Amino acid sequence: MFSRWNWVACGFYLVLNICSPDASGGLVQSCGHIIPESPVLALGSNFTALCILNESCLDFGNIYANQIIWKIKNRVVPKEQYREINRTVSSVTFNDTSSLATPLTCNILADGQIEQNIYGITVTVGLAPEKPKNLSCIVHQISRFTYVMTCTWNPGRHTFLDTEFRLRYSWPEEVFPDCIPKGVNNSCTVTDIQFFVNTEIWVEAANALGKAESDPLVVDPIDIVKPLSPQNVSVSSGILPTVLKLSWENWISDAVMTLKFNIRYRITGDTSWMEVPSEDTASPRTSFSVQGLRPYTEYAFSIRCMKEDGVGYWSDWSEEKTGITTEDQPSKGPPIWRIIDASHSPASWTVHLMWKALKPFEANGVILQYEVTVRDKSSLSSPLKKYNVTSTNHTLQLPRGTYEVTLIARNSVGASPPSVLLIPESNSKAPVKNLRTLPKHDKLWVGWTAPNSYVLKYVIEWCLVSSSSDCIIEWQIALGDVQGIDLKGIKPFKCYLITVYPLYADGQGSGESVKAYLKQDRPSKGPTVQTKKVGKAEAVLTWNHLTVEEQNGFIRNYTILYKTIDGNETVVTVDPSKTEYTLSSLTSDTLYTVRMMASTDNGSRTGPDFTFTTQKFGKGEIEAIVVPVCLAFLLIVLLGVLFCFNKRDLIKKHIWPIVPDPSKSNIAQWSPQVPAKHNFNSKNQMYPEGSFTDVSVVEIEADDKKSFSEQDLKPFDLLKKEKSTSEGHSSGIGGSSCMSSPRQSVSDSDEGETTQNTSSTVQYSTVVLNGYRDQTPVQVFSRSESTQPLLDSEERSEDHAGGADSAAQRQQYFRQNGGQDENNIDRPCFERAKQTTHASEGDLVGFVQLQASGQSSQPLGLGMAKNTQEAALSNILQACTEGQTVRPETVEENPLSVDDMPKSYLPQTVRQGGYMPQ
């Protein structure tokens, strides 16, 4: 416990001992210090520092050197570098100062717990200065009489220390003040100089680690002068069109030095300079005439000067001055070419002459006009045609032939040599061979192999290929001894059509063409693919070629990529000349996605996706199914028809049963008294006595609101009484004498409407008569369910003899009331009434038809006996349902004759000896 408080007290003592002021107002000495104090060290050298403790701190705090800790910038130095010299001194050694940083501190660890800084120093590490090198000086002329000397040198490596440089110079017997650079360490300017005296010049460099001096430079300042450039330069044209004269002023006195000059010139707009030979301007002067210039050309001139003996420096170039030479006659004729259009008529040409304007050095002035002369070489007697043109083209209408065109350019001085163009009737000469192109340095080089014959010159045509505009031709002429030229002004990513024509002395060769690109890029867009035809396992794809503006290069191939929704993509490469391709081995009824890619030498571009679905059935599959089925069906139908034809009798028997022909009926033979066939021409002998001849059916509507009178219903009462007797003699053919099933009657409305429907069944009833005076009963006719209508030929001849009055009365029919309830099973049968002939006469034919009209009716007859009528009605109506109300319809006031009765399919009358329709 005591030891701990002892060290705390020691720590406070050290702090107070270091920081407490003494009585004199100063600081008390610290507990120690470091030797050396703030050293400057050479980079890479060894260094040892000592930390010395004061005895006063040792006596109070019990502090010793073995407790010292060294630190570099708060980083503890390894103890291996420590050395305890005695109990108050500790040293630290660094073998390489390049790792040494600042500050370096000495610290004490009291009682192993409290670290206290004793002292610290700043360590500076650097290099000694090197010897300055490459000392040089130059004297600049500032004005006509003012000169300054500027010296420069190489200061050497960086020292990492403050290094001072001094420029020192002296005469052999006099030393001048030092020149100290300002802001730089490699140059200095001296304003006080003297010519014609050798001066020694050197540079001195010094810092904390040492100093160094450069090698001395001994020079006369006049030998290092850079004079001012000539002033007030002017250019004037001379008498000759190829000469310009220059004049200037010199700003240095000949007494100080004599000068020589250097003259350069260039055509305005060019970047390359030409110089006058130095020997022509090596003497002092103030003017010079430059020769060999181009006529009517603007030149720029510049001049410089230096000491005549060549010692010293050239002045700067003077300000540029320009001048123009005078005009001269053109040095050559304009290059000429033509385009022939023979599309309008094969016998005549439209010749477009075109020529290039002469370059300024060729025109030698302003071209005022062009003279065009055309001579027909196929006709020697043809006169020359001359044209004066101010433009660079001219169009001629010429008959087809061979022509020589001469072109001359004129300026104010004279005319150019003529340019001759031969236009042959046909290009029959040999063309160039192996035409090719090659991009080279942003130019398109066009090369060819010369033909075997001698060629005067070549004409190279080129134009930009476009899908939206015509090809605008540009052209250039090359000499006959060259086999390639560079085309300028060619744009990248554009397609050009290049044609080369060889021109001979006696004709012209045919042109060879090639397409070329200066640079290629991938297409601007991809092809758009569509389907032309889709089948079950194949699809025909079609697309359009990309326009030349979209290609950006030569299309090398097309690539088709297609796949199903969940399948792998299939790739097909197609020749670039094609616009259609058939995909095969596809899956039926499947959705495909297809896209197309166009490729050039520099890349590819893919078009939009397109989808299509293959068909479920292939071509002819549906026909292969339908046709056999149809053929089989037709075969079955044919076999059925043949079968029906062979079995027609059996089928007819079951479907169309044989109905007896009523005209051949032998019903009359059933009676024991069969009279001879009645002669229809004699009404008196139509029927014998004692037999029924005519029977009519009367249809009575059961629910008709009209009622019969009691007198009219008396015959029906009589018939009801005879019912039991008549039922026993009913025929088995049709059942009861009354029809077993209702049938529709033929009716006619009061308003004259046509017949709506008729019964589809013609029925015949069996009528059995009681024997007269106990004679055997005779069957007059029987009932039949025949569906065969009666023949018109079977009608009585007298039915066709009726007049117009009777025809109107025939339209009255008995009809069945349709308003009765169909669900009533007691629906009444159709009632029948019959007409009878008087038995006593035998030759009277009676025909009575009952009709209900209004509130009363009466039976009509032609001399019929009442008892005979009642007996006949009793036999007909004996089978009808009892208890039904029967109302006869009103009978017209005028009785109808037999011939006037209307024809219908009601039960017909059967006569003895034959069948006759009603």
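Calculation rules
Residues numbered from 1 in each chain as written. Predicted model: local features only at pLDDT ≥ 70, side-chain atom pairs only at ≥ 80, totals over all residues. Heavy atoms only, no water. pLDDT = per-residue confidence, 0-100. Contact = heavy atoms within 4.5 Å. Phe/Tyr/Trp six-rings, centres within 6.5 Å; stacked < 30°, edge-to-face > 60°. Helix = DSSP H or I, 4+ residues; strand = E, 2+ residues; numbered from the N terminus. Buried < 20%, exposed > 50% of the residue type's maximum accessible area, 1.4 Å probe, protein only. Lys NZ or Arg CZ within 6 Å of the ring centre and 35° of its normal. Core = buried A, V, L, I, M, F, W, Y, C linked by side-chain atoms within 4.5 Å. Polar contact = N/O pair within 3.5 Å; in protein donor to acceptor, adjacent residues only side chain to side chain. Pairing = 2+ DSSP bridges. Patch = residues over 30% accessible without salt bridge, like charges linked within 9 Å, V, L, I, M, F, W, Y side chains within 5 Å. Areas by Shrake-Rupley, 256 points an atom, 1.4 Å probe, with all protein chains shown as cover. Salt bridge = Lys/Arg side-chain N within 4 Å of Asp/Glu carboxyl O.

### So, the confidence of the model for the chain
Working step 1: For the chain, per-residue confidence averages 75 on the pLDDT scale, and 68% of positions sit at 70 or higher.
Working step 2: Here residues 698-709 scores under 50 on pLDDT; set against residues more than four positions off or in separate chains, the count is 48 contacts.
Working step 3: Note on residues 718-773: pLDDT is under 50 here. Beyond four places in sequence and across chains, it has 139 contacts.

### Some words on the packing of aromatic side chains
Working step 1: Following the criterion strictly, the structure yields 16 aromatic pairs and no others.
Working step 2: Here F47 and F94 contribute two aromatic rings whose centre-to-centre distance is 6.5 Å and whose plane-to-plane angle is 10°, an arrangement assigned as stacked. Of the two residues, F47 sits in strand β3 (residues 47-53) while F94 sits in strand β7 (residues 89-94), which places them 47 residues apart along the sequence.
Working step 3: Residue F47 is classed as buried on the basis of its relative accessible area, which comes to 5%.
Working step 4: F94 gets classed as buried once you look at its relative accessible area, which sits at 6%.
Working step 5: Seen from their ring centres, W448 and Y458 are 5.0 Å apart, and the 55° between their planes marks the pair as tilted. One end of the pair, W448, is in strand β34 (residues 443-449); the other, Y458, is in strand β35 (residues 457-464), with 10 residues separating them in the sequence. Both residues of the pair, W448 and Y458, belong to the buried class.
Working step 6: Members of the aromatic cluster, each reached through a chain of ring pairs, are Y147, F195 and F196.
Working step 7: Against the face of W251 rests R144, its NZ or CZ located 5.2 Å from the ring centre.

### Side note on the nonpolar core
Working step 1: Core analysis: the biggest nonpolar cluster contains 42 residues, and V139, M149, L167, I201, W248, V290 and F301 have the highest contact counts within it.
Working step 2: Per-element tally for this core: the top contributor is strand β21 (residues 259-267), with 5 residues.
Working step 3: Beyond its immediate stretch of four places on either side in the chain, V139 contacts Y147, V148, M149, I193, F195, P221, I224, V225 and K226.
Working step 4: Formed by 27 residues, the second largest nonpolar core is a distinct cluster that contains C31, I63, L104 and V123.

### Points about unusual backbone geometry
Working step 1: In this structure, the amide linkage connecting I35 to the following residue, P36, adopts the cis form with an omega of 0°.
Working step 2: Looking at the element boundaries, P36 is found in the loop between β1 (32-35) and β2 (40-42).
Working step 3: For the bond running from T102 to P103, omega is 0°, close enough to zero to count as cis.
Working step 4: Tracing the backbone through its elements, the reader meets P103 in the loop between β7 and β8 (104-110).
Working step 5: Residues other than glycine seldom take positive phi values, yet N134 does so here, at roughly 55°.
Working step 6: Here N134 shows up in strand β11 (residues 133-141).
Working step 7: One non-glycine residue with positive phi stands out, namely S585, at about 60°.
Working step 8: Structurally, S585 can be placed in the loop between β45 (580-583) and β46 (591-600).

### A look at the side chain of T499
Working step 1: Topologically, T499 is positioned in strand β38 (residues 495-504).
Working step 2: Given the relative accessible area of 8%, T499 is considered buried.
Working step 3: Here the side chain of T499 touches S513 through a polar contact of 2.7 Å, side chain to side chain.
Working step 4: If we skip the residues at most four places from it in the chain, T499 touches V459, I460, E461, G511, E512 and S513.

### Some thoughts on the pairing of β11
Working step 1: Here β11 pairs with strand β12 (residues 147-154) via 7 bridges, running antiparallel. By the bridge assignment, I138 is partnered in β12 with T150.
Working step 2: Taking the residues that link successive antiparallel strands as the turn, the β11-β12 hairpin has 5 residues.
Working step 3: Two elements, β11 and strand β18 (residues 225-226), share 2 bridges in a ladder whose sense is parallel. What sits directly across from V139, in β18, is V225.

### A word on a nonpolar patch on the surface
Working step 1: On the surface, V627, L631, F633, L634, V637 and V641 cluster together to form a nonpolar patch covering roughly 570 Å² of accessible area.
Working step 2: Looking at the secondary structure, you find L634 in helix α5 (residues 621-646).

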